[in-house]
Amino acid sequence: MSHPPEGTVVFYDGGCPLCSREIAHYRHLDRSGAIEWLDLHRSADRLTEAGIGFDAAMARLHVIDPRSGVVSGVPAFVVLWRHLPYYRHLAGLVEGLRLTRPLDRLYDRFARWRLRRRCADGACGLPDR
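K.L.:
Help me out: how do you make sense of a nonpolar patch on the surface in this one?
P.N.:
On the surface, a cluster of nonpolar side chains totalling about 500 Å² of accessible area is made up of L90, L93, L97, L99, L103 and L106. Structurally, L97 can be placed in the loop between α5 (87-96) and α6 (100-119). The class for L97 is exposed, based on a relative accessible area of 54%.

K.L.:
What is the right way to look at the sheet that holds strand β4 (residues 69-72) in this model?
P.N.:
Sheet strands line up and pair through hydrogen bonds in the backbone, either parallel or antiparallel. Strand order in the open sheet formed by four strands is β2-β1-β3-β4, with mixed pairing between adjacent strands. Looking at which strands have only one partner, the edges of the open sheet turn out to be β2 (35-39) and β4. Averaged over all pairs of adjacent strands, the angle between their axes in this sheet comes to 20°, without regard to strand direction. Contacts from helix α4 (residues 74-82) reach β1 (8-12), β2, β3 (62-65) and β4 within the one sheet, and its direction differs from that of β4 by about 115°.

K.L.:
Quick question: what am I supposed to make of the packing of aromatic side chains here?
P.N.:
Two aromatic rings, taken as a pair, are described by how far apart their centres are and by the angle between their planes. Evaluated as defined, the whole model comprises six aromatic pairs. With centroids separated by 5.7 Å and ring planes inclined at 40°, the aromatic side chains of F77 and W81 adopt a geometry described as tilted. One end of the pair is F77 and the other is W81, both in helix α4 and four residues apart, which spans about a single turn. Here the two residues F77 and W81 agree in accessibility, since each one is buried. Between F110 and W113, the aromatic rings sit 5.7 Å apart at their centres with planes inclined by 40°, giving tilted as the arrangement. Residue F110 and its partner W113 are located together in helix α6, separated by three residues, close to a single helical turn. Assessed through its relative accessible area of 34%, F110 is described here as partly exposed. Of the residues examined, W113 reaches a relative accessible area of 39% and is grouped as partly exposed. Through pairs of rings, three or more aromatic residues link up here, namely Y26, F77, W81, Y87, Y107, F110 and W113.

K.L.:
Just checking my understanding: could you explain the layout of surface pockets for this structure?
P.N.:
One simple way to see leftover space: roll a probe sized like a water molecule over the atoms. In this structure, the largest pocket spans a volume of roughly 350 Å³. What lines the largest pocket is a set of 22 residues, and nearest its centre among them are E22, L61, F77, Y107 and F110. For the lining of the largest pocket, the secondary structure elements donating two or more residues are β1, α1 (17-29), α3 (54-59), α4 and α6. Split into classes, the residues belonging to the lining of the largest pocket amount to 18 nonpolar, no polar and four charged.

About the thresholds
Every residue gets a number counted from 1 within its own chain, in the order that chain's sequence is written. Local features in a predicted model are, by the rule used here, given only for residues with pLDDT of at least 70; side-chain atom pairs are given and counted only at 80 or more, and totals for whole chains, interfaces and linings are based on all residues. Neither water nor hydrogens contribute to the side-chain values; these are computed over all heavy atoms in the structure. Here, patches come from residues exposed beyond 30% relative accessible area and free of salt bridges, joined within 9 Å for like charges and within 5 Å for nonpolar side chains (Val, Leu, Ile, Met, Phe, Trp, Tyr). Accessible surface area values rest on a Shrake-Rupley calculation with a 1.4 Å probe, where residue burial reflects the displayed protein chains alone. A pairing counts as a salt bridge when a side-chain nitrogen of Lys or Arg comes within 4 Å of a carboxyl oxygen of Asp or Glu. Numbering of helices and strands runs from the N terminus; a helix is a DSSP stretch of H or I covering at least four residues, while a strand is a stretch of E covering at least two. Partly exposed describes any residue whose relative accessible area lies between the buried limit of under 20% and the exposed limit of over 50%, with all areas from a 1.4 Å probe on protein chains only and scaled to the type maximum. Strands qualify as paired when DSSP identifies two bridges or more between them. Note on geometry: axes are lines fitted to C-alpha atoms, helical ones only across the stretch in contact, with angles between N-to-C directions running from 0 to 180 degrees. Contact between two residues is taken to exist if any of their heavy atoms lie within 4.5 Å; hydrogens are not considered. Between the rings of Phe, Tyr and Trp (Trp by its six-membered ring), a pair exists once the centres lie within 6.5 Å; its type follows the angle of the planes, with under 30 degrees stacked, over 60 edge-to-face, and the other angles tilted. Using only the protein atoms, space was sampled on a 1 Å grid; points where a 1.4 Å probe fits but cannot get out form cavities, open sets with protein on both sides within 12 Å along at least five of seven lines form pockets, and lining residues are those with an atom within 4 Å of a point. Grid points are joined across faces, edges and corners, and a volume is the space filled by probe spheres set on the points. Asp, Glu, Lys and Arg are counted as charged, while Ala, Val, Leu, Ile, Met, Phe, Trp, Tyr, Cys and Pro are counted as nonpolar; the rest, among them Gly, fall into the polar class.

This is how it looks when you write it as structure tokens:
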């Protein structure tokens, strides 16, 4: 990465209706503008700078946290939630009860299902291999 981001960066699949609705909800709550929201389809250079492959970014939510670097899955959600009103409490609960790892396993199953469903008609934009 050429230079670390100054703030939190969220990469999301802007072509996924479910993902877009969820991110729109989070963006609405980010009134202070603490988070940089990047549609991974329009931010290939930033993905490369962060060392995140396009396939990996499509498969799981990725966040760059200035303190802990690149995180994905439930740990990424926890970083994101820490910046948002209401969700701060959820982040604290998940971490305090040590639920990050078990929830990440569940998220992994959901993320695989979402990607299969999203890419079923070839609309996910994964590059040809």
